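Observations on the model geometry
Chain by chain, the residues run as shown.
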Amino acid sequence: MTDRLDPYRLTVAAAPLAVWALHFVVVYSLVGLGCEQGWHLRRIAGLELLTWTLLLATAAALGAIGWLGWWSWQAWRRVSGRSPSAGEAAETLQRRQRFLGLATLLSALLGFIAVVFTATPIFMLPSCT
């Protein structure tokens, strides 16, 4: 039986970008909802409630992407450290696993950068005008 979260599946390689897409939708939806509900008028510890909400969503997305990146890096190292097994099929499988582990790691790096760029306006612009 295979692990549900197998690092050598294409869907797992795309997971960090899916987290970024979800973060993108959540952040921009929360801005619209928060401006309509007046979250930008309440202040907690010097920042608007809306800003705190957006920062929390960003921290959760960065944490999820960071975990996926660390996890895929561990899986990639585990496969890269093994000596090739006997047989052409086993070698092909090992190369595929190494590629997908690296692809997931690079996808996590790209997703992390994308979340940071998506969250940049939180710090630079007022939430509601």
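Keep in mind the model is a prediction, meaning the values are calculated, not measured. (Residues numbered from 1 in each chain as written. Predicted model: local features only at pLDDT ≥ 70, side-chain atom pairs only at ≥ 80, totals over all residues. Heavy atoms only, no water.)

Describing the environment of T51
Inclusion rule: Secondary structure elements follow DSSP: runs of H or I no shorter than four residues count as helices, runs of E no shorter than two count as strands, and numbering proceeds from the N terminus. The classification of residues rests on relative accessible area computed with a 1.4 Å probe and restricted to protein chains. Under 20% of the type maximum is buried, over 50% is exposed, and intermediate values are partly exposed. It only takes one pair of heavy atoms within 4.5 Å for two residues to be counted as in contact.
By the element assignment, T51 lies in helix α3 (residues 49-80). Residue classification places T51 among the buried positions, given a relative accessible area of 9%. Once the C-alpha coordinates of T51 and I122 are considered, the two residues, 71 residues apart in sequence, prove to be 6.7 Å apart. For T51, the contacting residues outside a window of four places in its chain are I122 and S127.

Quick word on the packing of aromatic side chains
Think of a pair of aromatic rings as described by two things: how far the centres are apart, and how the planes are tilted against each other in angle. Basically, it comes down to this: Note on aromatic pairs: the rings of Phe, Tyr and Trp (six-membered ring only in Trp) are paired at centre separations within 6.5 Å, and the planes decide the class, stacked below 30 degrees, edge-to-face beyond 60, tilted for the rest.
By the definition in use, this model includes 3 aromatic pairs. Centre to centre, the rings of F24 and Y28 are 4.9 Å apart; their planes meet at 45°, and the pair counts as tilted. Remark: Y28 and F24 occur in helix α2 (residues 15-37); sequence separation between them is 4 residues, near one turn of the helix. The class of F24 is partly exposed, set by a relative accessible area of 38%. Given a relative accessible area of 42%, Y28 falls into the partly exposed group.

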